[in-house]
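This is what each chain is made of:
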Amino acid sequence: MHIPDIRLHEPRTIAEACELLNRYCDISKVLAGGTDLLVDLKQGRITGIEHLVSLRNIDGLESVEETGEAIRVGALVTLNQASGNETIRKFFPAMIDTIGSMAAYTIRNVATVVGNIAGAVPSSDLAPFFVVAGGEAELSNGESQRRMKVEDYILGPRETACGEYEILTHLLIPKPPPRTGISYQKFMLREANALAVAGVAARLTLAGSIGGGGGAGGGRDVGGVGGTGGTGGDGGTGDKRGTGGDRSTRGTGDGEGGIMDSCIAMTAVAPRPVIAREACAFLEGKEPSKEVFREAAAIARESARPITDIRGTKEYRFDLIEVLTERTLEEALSRARGE
Amino acid sequence: MKSLDESRYGNITLSVNGRIYNVSVRDNETLLDVLRDKLRLTGTKKGCDLGVCGACTVLVDGEPMNSCLLLASMMQGREITTIEGIAEDGRLHPVQRAFVREGAIQCGFCTPGMIVSAKALIDRNPDPSDEEIKDALSGNLCRCTGYTGIIRAVKNWKKYVKAEGAGKNTGVQDDVKRYETVGRSVPRVDAVNKVTGKAMYTADYHFQNMLHGRILGSTVPHGKIKRIDTSKAEALPGVVCVITGKDVPDVKYGVSPARYDEHVLAKDTVRYIGDEVAAVAAVDEETADRALGLIDVAYEELPAVFTPKEAIKEGAVRIHEGKRFRNNINTSVDHHFGDVERGFEEADYIREETFVGNHTYQNPMEPHAAIAYWDQHDRLNLYTATQVPHYVHYMLAHVFKIPLGRIKVIRPTVGGGFGGKAETTPLDLCAAILSRITGRPVKMVYTRKDMFHHGRGRHKQHMKFRLGVKKDGTITAFDSTIHLDGGAYTSFGVVTAYYAGSMIPTLYHIPNYRYRGYRVYTNKPACGAFRGHGVPQPRFAFECLLNMVADEIGIDPIAIRMKNAMDRNTRTCNDLDIRSCEFKATLEEVRKKSGWKKKYGKLPSGKGIGIGAGGFVSGAGYAIYRGEVRMSHEKTPKTFVKKAVFPHGNAMVKVLEDGMAVVLFIGAAEIGQGAETVLSQMCAEALGIPLERVYIRAEDTDISPVDLGAYSSRVTLMGGNAVVMASRAVVKKLLPIAAETLQCKPSELIAKDGKILREGDPGKNLDWAEAARIYFNEKGPLVGTGFYKPPAGLGGDYKGAAVGTSPAYSFGSSVCELSVDLETGKISLERFTDYHDCGTPINPMAVHGQVEGAIVMGVGETVMEDVVYDERGGIVNPNLHEYLLMTIKDTPEIFSGIVDSYEPEGPFGAKEIGEGSTLPVLGAVAHAIANATGVWIRELPITPEKILKALKEKERMRRGGIQEKPRGLWQEGKPSPPYKRKPARGKKAVDPKKLFGKK
């Protein structure tokens, strides 16, 4: 079992990297951590690749930055670096949990956060997290950048909206609004080194936030990062916020409010991460309760499009989605309440 | 496909263990390959090459990473530390010492990676919690230890900070005080080599001018080879030799002489996807690999069958020719002892159940490997990763039709076997042939995928069991029918089919017993002998059935076992002689230790406790082939006699001329189980000298007398007896010398503590070494030899009576506690309590290591392991990503205890532990799951999905008001005659045909 005869390129700038991708088109691949790519090359799952363009000598890709409104993760940040990062620990305990459930320690020392999105495997653990957190992909062609929502970036199994000569250089996660909780629940067949049989991430933002009423929540751009905007496809966001804010005023007087906004995304149950839109719509404005979550979970189940494979049957995955959705909503709720 | 482009080499500078290496690499080379093949730092191992097993873990700038997934050319400017760089100034790192002392090592193949990961952990967190240890080592798989000793070592590393020898091993109990060296939890004799990366496994060897070979497997499950075109492969630069079926001897080989059915490479027919078709030798492995892709094979596909059910149908395609294999039945067994019909009439309650096992694969961490060359005397030298050097030796002689004396087999350090390395592999044979043709050494190593295709894993068994009991739980009859899915060749299968039935009556008194077994050929890789050989699945099914029956008739599951438990000095219904037996004590101990009474039937829903029991032979009573040790075609067939023709274990003890060291020569195979350590301990004990003076040489058939190998859990008892005899022969020579000096009778003297002393008068003594020197000066070399033959007359006189015979049997009981998530079916293991009767434990730490490893492996087999096939018989998961082994994070808390027992036939009272320890586990887990959920899963593996499905079905029936049909049958109305157990006797000689005989 060997990696085919490839030539490794280690450009120093994004522009050089894009130039190489341009030159070698479909016989080249971008290499960051390589824990998926090299396995695929060894197993012959990907063929015809003759050039690897490594990002490791490019400056500016190795850090987690806190910008005003968002956290920006560079393409060389490994899973372990991310989970040890204070900013991420502060804002996104769910991301720490997610990373902790992935692969194994040694792999997490090499595999990158961005790679888990760029690889676009259907069982990606971080994809549902980024989707519910409103994460964005930052692409560069060496000259200009563009951003798009993570859910729009992943098109299908190992298929992304990344242009032929573009590189996914960063992922951005907007800082969560107050009274927001995110959770990820994964079902796997052993406790380490296992892919998700099914996974569900959820974000809940409660009304009656600390600033008083739904206004504070509404003021934040939950779905976007620093006003860069997505590539569309989620026109409902603003409305949701509005209605969420309205309904929150009907919340309980002590600041405990209904669900102002929510997002549920699933992994390993469809070719790409799925957003359970109907379940989210159902939750809007509801007072969180076990019954409400159970009902939402039953609705979420219908959004899954699982297949049968070696890890589980289609029917089992439907069942798992329901259970995991309920659990992830509960954990998101307790995080939103600061418990 | 392009040839290797020389221009793609570039020079890089690597900093490894503080040393700078200038090395020429191509861009596609991994750090692992460069370390191993170019820098010859072979302490870093290749176990899966896909980033799952972690055997290749190295530190890069202090962080552990899988070197198989790092490109070497990207490692410039980074500081790499391999296992060879962990010890400082020749002194072991405290973590290495902790591994040595805490029993964290067995085969040692995962050890370098484990230690590297552990060292990085304690560098960043000197006081890790259990959870942190488990997370840090989550990328390192171990197949031997059950991780328990490893966790203990990392947790206690600080105890070993001080100088060597400091720190007491913790968590190890059960040391026996009767002896000096035997019965002590001493560290393994090979431990230091294993923690430093110095232990050499077959693939770590390199010879000048060596070629690398690979084997091409069939892409169709069943077919005739119409044409093979090797010209393109031969034309590839770097390829030296390509062979196909026409280049190999027209001799069939295998394991059981009655069923040799394999060719080195397919002559004209292929019978499963992966069946060996051609082999290539080239200048490097990568070139050989490419050449395989250039061999063009045209097949005429034949229909194929993949399950015993399809295969035995009338009109199904025949996988092997020959009248004896009608309906693809490779072996059939019909054993009937007592009278089951009458037994069932006597029963008050009868229950019939169907169970299905799984295809599991041994997955030793070390892949199979072989290196062959022919020396100046035209002798074949074969280095091979094997459990059975002698059977490989014998089979090479058979296939090449040369005397055993023209072959030398070397068994380097072996990284685990579990039965997967218990036979001659195509690697051994192809390497020998390719080397013969090319005149150069040839090295061949399986990839993990190749290992799965080579197969020899556990037979999937389809079992129909019927058990009859009295109201008080006394077993009156047991009837079983088993179909074993054998795969395309026999391998050990004849024996497996007999074992599946023969071991059930060793645990309980079963007066009336019937077993019908059918091993069926299918178009899949051959199944063979896997830890517990043929027995774990029937044992799982029997234990489940017994628990179902106990619950139904209202008897505690432990009580029903006590009621029927085997007693010492019993002849079983199938004529097996049980000598020592403390089975009841193991039951009693697990009951007490686990708090069974407080828990069974009293736990909340979702929590469960379960029991299983099991035991095994301490070495097979008869050799796989009978007759003499010589070329098989030279032997004339002789009728089977109920005694060993040649000794199964042989040892030679040679004392160095200064008397300060003893070399023990024995062919017994160390495969990680600790054979060399316990044999050395027994040697030291019998000689009366400290263990530090004993050095064992067991790796070379030229220097060590024959031993049949590490299979059927035979080494401790059989090899041990040979060692004791050889050692006593030495002592016997020394006593007269000492008697002369001490002026007393030799019979008054004993050898102890490095002295020859008078019993009751220790002041009067002579230094052992001095006595040895005097002996040498007067009489020349001081050597003792010893051998062991199993007792004559073992077993009954019926066909197949040889299988299951043994000089001694082990017994054990396991209690499993776990919880099940009733919404997802997910199992969380909590605790295992295990007690074993292994006779005298020669090394209690090693015994516990076997038990801990067996529990984790057994749980894995019960809940997650399964080789999955597609509709064409191709393996869906021939890798460690999707064939799930338990990780360190899945490991339960384990308590392992040993009951007091003494086996008169064993050395110092010892018997086996290695395989018997697996047997109670599967049933205990299944029972605990049933206890937690209220549903029995009768098909392995018991996955969360199966549990949830059964729970939903149960709920559906409850809602629908559907009563579950009673599964058992109460035979009410009949007077229940007072039941008297008759002496269990096997049915007399119905057919004296012999298992391994030619008619």
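The structure displayed is predicted, hence computed values, not measured ones.

Rules used throughout
- Residues numbered from 1 in each chain as written.
- Chains lettered and ligands numbered in written order.
- Predicted model: local features only at pLDDT ≥ 70, side-chain atom pairs only at ≥ 80, totals over all residues.
- Heavy atoms only, no water.
- Helix = DSSP H or I, 4+ residues; strand = E, 2+ residues; numbered from the N terminus.
- Expected span 1.5 Å × (residues − 1).
- Buried < 20%, exposed > 50% of the residue type's maximum accessible area, 1.4 Å probe, protein only.
- Pairing = 2+ DSSP bridges.
- Axes fitted to C-alpha atoms, helices over the stretch in contact; angles between N-to-C directions.
- Contact = heavy atoms within 4.5 Å.
- Buried area = accessible area lost by both parts, 1.4 Å probe.
- Salt bridge = Lys/Arg side-chain N within 4 Å of Asp/Glu carboxyl O.
- Polar contact = N/O pair within 3.5 Å; in protein donor to acceptor, adjacent residues only side chain to side chain.
- Nonpolar A, V, L, I, M, F, W, Y, C, P; charged D, E, K, R; others polar.
- Parallel < 35°, antiparallel > 145°, perpendicular 65-115°, else oblique.
- Left-handed = near helix turned anticlockwise from the far one by under 90°.
- Right-handed = clockwise from strand over helix to strand, strands pointing away.

### A closer look at helix α19 (residues 675-687) of chain B
Residues and elements named next belong to chain B.
Right, on to step 1. Taking 1.5 Å as the rise per residue, α19 with 13 residues should run 18 Å; its terminal C-alpha atoms sit 18 Å apart, in good agreement.
Right, on to step 2. α19 sits mainly inside the fold: 13 of its 13 residues count as buried.
Right, on to step 3. Where α19 ends, the next residue or the one after it, G688, has phi of about 80°, a positive value.

### A short note on the sheet that holds strand β2 (residues 28-31) of chain A
All names here are of chain A.
Right, on to step 1. Pairing within the open sheet is parallel, and its 3 strands lie in the order β1-β3-β2. Two strands bound the open sheet, and with one partner strand each, they are β1 (7-9) and β2. The sheet shows a mean angle of 25° between the axes of neighbouring strands, taken without regard to direction.
Right, on to step 2. Bridge count for β1 against strand β3 (residues 51-54) is 3 bridges, and the pairing is parallel. Its bridge partner being in β3, R7 is matched across the sheet by H51.

### A few points about unusual backbone geometry
Right, on to step 1. Each neighbour pair has its own omega, and for L940(B) with P941(B) the value is -10°, a cis peptide bond.
Right, on to step 2. Tracing the backbone shows P941(B) in the loop between α23 (919-933) and α24 (944-959).
Right, on to step 3. A positive phi angle, close to 50°, is found at A120(A), a residue other than glycine.
Right, on to step 4. Residue A120(A) is classed as buried on the basis of its relative accessible area, which comes to 1%.

### Side note on the interface of chain A and chain B
Right, on to step 1. Contacts between chain A and chain B engage 44 residues on the former and 62 residues on the latter.
Right, on to step 2. A buried area of about 4600 Å², summed over both sides, lies between chain A and chain B, and 52% of it is on carbon and sulfur atoms.
Right, on to step 3. Counting every contact that joins chain A to chain B gives 8 salt bridges.
Right, on to step 4. Residue E823(B) is joined to R327(A) by a salt bridge in which the shortest nitrogen-to-oxygen separation is 2.8 Å.
Right, on to step 5. Our count for the chain A to chain B interface comes out at 26 residue pairs in polar contact (both at pLDDT 80 or more).
Right, on to step 6. Listing elements by their share of the side of chain A that touches chain B, those giving two or more residues are β1, α2 (37-43), β3, α6 (105-108) and α14 (314-336) of chain A.
Right, on to step 7. In terms of residues, the side of chain A that touches chain B owes the most to one element, α14(A), which gives 5 residues.
Right, on to step 8. Here the residues of the side of chain A that touches chain B are counted per class, giving 21 nonpolar, 11 polar and 12 charged.

### Points about the sheet that holds strand β29 (residues 761-767) of chain B
All names here are of chain B.
Right, on to step 1. The strand order across the open sheet formed by 3 strands is β27-β28-β29, and the pairing between neighbours is antiparallel. Both outer strands of the open sheet, β27 (749-752) and β29, are each paired with one neighbouring strand and no more. With strand direction ignored, the average angle separating the axes of adjacent strands in the sheet is 35°.
Right, on to step 2. Strand direction decides the pairing type here: β27 and strand β28 (residues 755-758), joined by 4 bridges, are antiparallel. By the bridge assignment, L749 is partnered in β28 with R758.

### Some words on the environment of A620(B)
Residues and elements named next belong to chain B.
Right, on to step 1. Among the structural elements, A620 can be located in the loop between β23 (607-614) and β24 (649-655).
Right, on to step 2. Its relative accessible area of 14% is what places A620 among the buried residues.
Right, on to step 3. Through-space distance from the C-alpha of A620 to that of K752 is 33 Å; in sequence the pair is 132 residues apart.
Right, on to step 4. Apart from residues lying up to four places away in sequence, A620 is in contact with Y499, H648, S712, M718, P790 and T805.

### Section: the packing of helix α15 (residues 536-553) of chain B against α23(B)
Residue and element names in this part refer to chain B.
Right, on to step 1. At a minimum axis separation of 8 Å, α15 and α23 run at an interaxial angle of 40°. Classed by the angle they form, the pair α15 and α23 counts as oblique. Crossing angle aside, the handedness with which α15 passes α23 is right-handed. Between α15 and α23, the residues in contact are P536, R539, F540, E543, C544, N547 and D551 and L919, L922, G923, A926 and H927, respectively.

### Looking at the pattern of salt bridges
Right, on to step 1. All chains considered together, the criterion is met by 91 salt bridges over all chains.
Right, on to step 2. Among the charged side chains, a salt-bridge network with shared partners connects D5(A), R26(B), E286(B) and R290(B).

### Looking at the pairing of β3(A)
Residue and element names in this part refer to chain A.
Right, on to step 1. Across the two faces of β3 the burial is the same, with H51 and V53 and L52 and S54 all buried.
Right, on to step 2. Sheet topology places β2 next to β3; 4 bridges connect them, and they run parallel. Bridging across to β3, L31 finds its partner in S54.
Right, on to step 3. Handedness of the crossover joining β2 and β3 through α2: right-handed.

By themselves, these figures tell us nothing about what the structure is for.
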